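Fold and contact review
Here is how the chains run, residue by residue.
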Amino acid sequence: MKDFAGKVAVITGAGSGFGREFARLGAQRGMRLVLADVQKDALDAVAAELQAAGADVLAQRTDVSKADDVQALADAAMARFGVVHLLFNNAGVGSGGLVWENSLADWDWVLGVNLWGVIHGVRIFTPLMLRSMQDDPEYRGHIVNTSSVAGLLSPTSMGVYNVSKHAVVALSETLHNDL
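I will try to describe carefully the structure that is included in this document.

Parameters at a glance
- Residues numbered from 1 in each chain as written.
- Predicted model: local features only at pLDDT ≥ 70, side-chain atom pairs only at ≥ 80, totals over all residues.
- Heavy atoms only, no water.
- Helix = DSSP H or I, 4+ residues; strand = E, 2+ residues; numbered from the N terminus.
- Rg over C-alpha atoms; globule rule 2.2 N^0.38 Å.
- Buried < 20%, exposed > 50% of the residue type's maximum accessible area, 1.4 Å probe, protein only.
- Polar contact = N/O pair within 3.5 Å; in protein donor to acceptor, adjacent residues only side chain to side chain.
- Contact = heavy atoms within 4.5 Å.
- Phe/Tyr/Trp six-rings, centres within 6.5 Å; stacked < 30°, edge-to-face > 60°.

Turning to the overall build of the protein chain, a few remarks are in order. When helices and strands are tallied, the protein chain shows five helices and five strands. Secondary structure elements of the protein chain, listed N to C terminal, follow the sequence β-α-β-α-β-α-β-α-β-α. In summary, the protein chain has a C-alpha radius of gyration of 16 Å against a globular reference of 16 Å for 179 residues, a match within 12%. By its C-alpha atoms, the protein chain is 50 × 35 × 30 Å across when sized along the principal axes. By the burial criterion, 43% of the 179 residues in the protein chain qualify as buried.

Right under this line is the structure:
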């Protein structure tokens, strides 16, 4: 994709970190933005900043670990903009410690956000993007799944996080091959 002006980007984890920076870069390039984050106050702050700078922004509190929330995000994006060109499955969390000492709650939380969030994004948005491609031969779309060096290596005391990010790499490579 060479021209970003007017294109629509959906960004999860947009309230902070990489997600906030993706949103700022998208706004600078004239993109229309759909911002999602579980932390409403952070999400609202980023949305207000970008709207004040002139960006067209839809902000929606979303827990990416919940399929219904991601479906609601997609529905809102399509209702507002009618198309999605870029999907940033970026929301992420971490948990450290020895792998056998992490609680079930740690596993549920990290895998819910880092892995299931990406699964939900791919499962829900890919068909929408493929439909857009069928409707418009000029359409170009991209899905960016944020992983980490922990998706390629296995640092100590980061087992839960490593597992989630290795899975994101495998999912991303499989998606690429399937497409």
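Another point: the side chain of Asn-89. Considering the arrangement of structural elements, one finds Asn-89 in strand S4 (residues 86–89). A residue is classified by how much of its surface remains accessible, and Asn-89, at 3% relative accessible area, is buried. Of note is the side chain of Asn-89, whose polar atom sits 2.8 Å from the side chain of Asn-145. Once residues lying within four places of it in the same chain are set aside, the contact partners of Asn-89 are Thr-12, Gly-117, Val-118, Gly-121, Val-122, Ile-143, Val-144, Asn-145 and Thr-146.

Further remarks concern the environment of Val-34. Following the sequence through the fold, Val-34 ends up in strand S2 (residues 32–37). On the basis of relative accessibility, which here comes to 0%, the residue Val-34 falls in the buried class. Between the C-alpha atom of Val-34 and that of Val-10, which follows or precedes it by 24 residues, the distance is 4.6 Å. Discounting residues that sit within four places of it in the chain, Val-34 has contacts with Val-8, Ala-9, Val-10, Ile-11, Leu-58, Leu-73, Ala-77 and Phe-81.

Our focus in this paragraph is the packing of aromatic side chains. This structure, assessed with the given rule, holds two aromatic pairs. With a centroid separation of 6.2 Å and an interplanar angle of 20°, the aromatic rings of Phe-18 and Phe-22 are classed as stacked. With Phe-18 and Phe-22 both in helix H1 (residues 17–28) and four residues apart, the pair spans about one turn of that helix. On the accessibility criterion, Phe-18 (58% relative accessible area) is exposed. You can call Phe-22 partly exposed: its relative accessible area is 23%. Through pairs of rings, three or more aromatic residues link up here, namely Phe-18, Phe-22 and Phe-88.

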